[in-house]
Amino acid sequence: MKYENIFIEHEKGIATLIINRPTKLNALNKATIHELHHAFYALETNAEVKVIVLTGSGEKAFVAGADISEFANFSVEEGTQLAKQGQELLFDFVENLKTPVIAAINGFALGGGLELAMACHFRVASDNAKMGLPEVSLGVIPGYGGTQRLPQLVGKGRAMEMIMTAGVINAEEAKTYGLVNHVVPQTELAALCYGIGQKIMKNSPVAISEAIKAINANFKDGVDGFETEIKAFGKCFGTEDFREGTTAFLEKRKAEFKGN
Ligand code: COA
């Protein structure tokens, strides 16, 4: 697939996926959502890629939201489909990837932009980042999972206030809320992600993907997270990575994980 709204950079096992519509502050239109789905799938199935970093091009925005110009005239049915398809194609898809995905929030992450960052496995931000779910100021609510993931990350009361006031918080507030893990100057954001990526890559890819599944199970209705953990834990015992990890420890050497 030829991408028009995104591009990908590779550096030693870390793929950086960059949303590239700078004149629209990287707003998520339909085409970008499809391209992101395709790119995430391609990266997930590329054995060379151990960590994915998602960010926006330019210095101003991660993603300033869903593209308002695309849905301004939508009907009830079209609005419902917009949320459903978006959640399936991108937001739930990213959350359930086996490969770790870090959101590098390099500026505005509003509406669908913050929802996309929240679908990633964790978030880091530059100190100019601004985050919020301002949908009620447009007469609509978050539709890409924001009403579910924001309370999971910051608690119900803070989520209620942020969504009701359409408020925007800065990077330090987001860190206090637990919405982002680290805040650094923008010039240091890529290096921070690379450093975290390097730490992740030292560990077993199979175990990491099982850990993602087990952690996500805690937030899924009708799924017993403890039961998921037991099964995932047991599954690890049948892997080459487990044999290598335990053998390397006993032999007092560094493990060389193959990811199987
Ligand atoms: N959808 C579509 N276009 C968007 C957009 C969005 N969510 N966010 C920004 N843009 C476009 C603007 O329309 C403008 O395009 P134009 O130059 O063709 O007019 C361009 O991006 C630059 O944005 P602009 O508003 O001029 O920049 P700013 O620095 O004055 O303001 C924001 C930045 C982020 C505060 C402002 O763009 C904004 O409020 N965006 C919408 C945020 C939002 O409500 N998101 C939730 C959507 S569900």
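These remarks concern the structure in this document. (Residues numbered from 1 in each chain as written. Predicted model: local features only at pLDDT ≥ 70, side-chain atom pairs only at ≥ 80, totals over all residues. Heavy atoms only, no water.)

### Considering the site of the ligand
Short version of the rule: When we say a residue is near a molecule or strand, we mean one of its heavy atoms is within 4 Å of it. Each polar contact in these results corresponds to two N or O atoms within 3.5 Å; when the atoms are within protein, one needs to be able to donate a hydrogen and the other to accept it, and residues that are neighboring in sequence are counted only if both atoms are side-chain atoms. Where accessible areas are quoted, they stem from the Shrake-Rupley method and a 1.4 Å probe; at the residue level, only the protein chains shown are allowed to cover. Under the convention adopted here, Pro, Cys and the residues Ala, Val, Leu, Ile, Met, Phe, Trp and Tyr are nonpolar, Asp, Glu, Lys and Arg are charged, and Gly plus all remaining residues are polar.
If you check the shell around the ligand, you find 15 residues, and the closest are Lys24, Lys60, Ala64, Ala66 and Ile68. At 3.0 Å from a nitrogen atom of the ligand is found a main-chain nitrogen or oxygen belonging to Ala64. Here a nitrogen atom of the ligand and a backbone polar atom of Ile68 are 3.0 Å apart. Protein chains shield 58% of the accessible area of the ligand, which is 860 Å² for the free molecule. Classifying every residue of the shell around the ligand by side-chain character gives nine nonpolar, two polar and four charged.

### Remarks on the nonpolar core
As a reminder, the rule being used: The nonpolar core is taken to be a set of buried Ala, Val, Leu, Ile, Met, Phe, Trp, Tyr and Cys residues, with the residues joined through side-chain atoms within 4.5 Å. In this scheme, a residue with accessible area under 20% of its type's maximum is buried, one over 50% is exposed, and one in between is partly exposed, where area comes from a 1.4 Å probe on protein chains only. Should any heavy atoms of two residues lie within 4.5 Å, those residues are counted as being in contact.
Counting 46 residues, the largest nonpolar core has Leu36, Phe40, Leu54, Ile105 and Met131 as its most contacted members. Other than its neighbours up to four places away in sequence, Leu54 contacts Leu17, Ile19, Leu36, Phe40, Phe62, Val101, Ile102, Ala103, Ala104, Leu116 and Cys120. In terms of nonpolar packing, the next biggest core, distinct from the first, is built from twelve residues, Ile14, Ile102, Val124 and Ile200 among them.

### Side note on unusual backbone geometry
Counted only if it meets this: Going along the chain from the N terminus, every DSSP run of H or I of four or more residues is numbered as a helix, and every run of E of two or more is numbered as a strand.
Even without glycine at this site, Lys12 takes up a positive phi of about 45°. Here Lys12 is to be found in the loop between strand S1 (6-11) and strand S2 (14-19).

### Observations concerning the packing of aromatic side chains
Applicable threshold: Two aromatic rings from Phe, Tyr or Trp, using only the six-membered ring of Trp, form a pair when their centres are within 6.5 Å; if the ring planes differ by under 30 degrees the pair is stacked, by over 60 it is edge-to-face, and anything between is tilted.
Considering all chains together, one arrives at three aromatic pairs under this definition. Taken together, a centroid distance of 4.4 Å and an interplanar angle of 15° make the contact between Phe91 and Tyr144 stacked. Of this pair, Phe91 sits in helix H3 (residues 76-95) while Tyr144 sits in the loop between strand S8 (130-132) and helix H5 (146-154), placing them 53 residues apart in sequence. Ring geometry for Phe237 versus Phe242: centroids 4.5 Å apart, planes at 40°, classification tilted.

### Focus: helix H9 (residues 205-217)
As a reminder, the rule being used: Any helix carries an expected span of 1.5 Å times its number of residues minus one.
Counted at 1.5 Å a residue, the expected span for H9 with its 13 residues is 18 Å, and the 18 Å between its end C-alpha atoms agrees. What H9 keeps buried is the set Val206, Ser209, Glu210, Ile212, Ala214, Asn216 and Ala217. Where H9 is buried, its residues contact H3, helix H10 (225-236) and helix H11 (240-250).

By themselves, these figures tell us nothing about what the structure is for.
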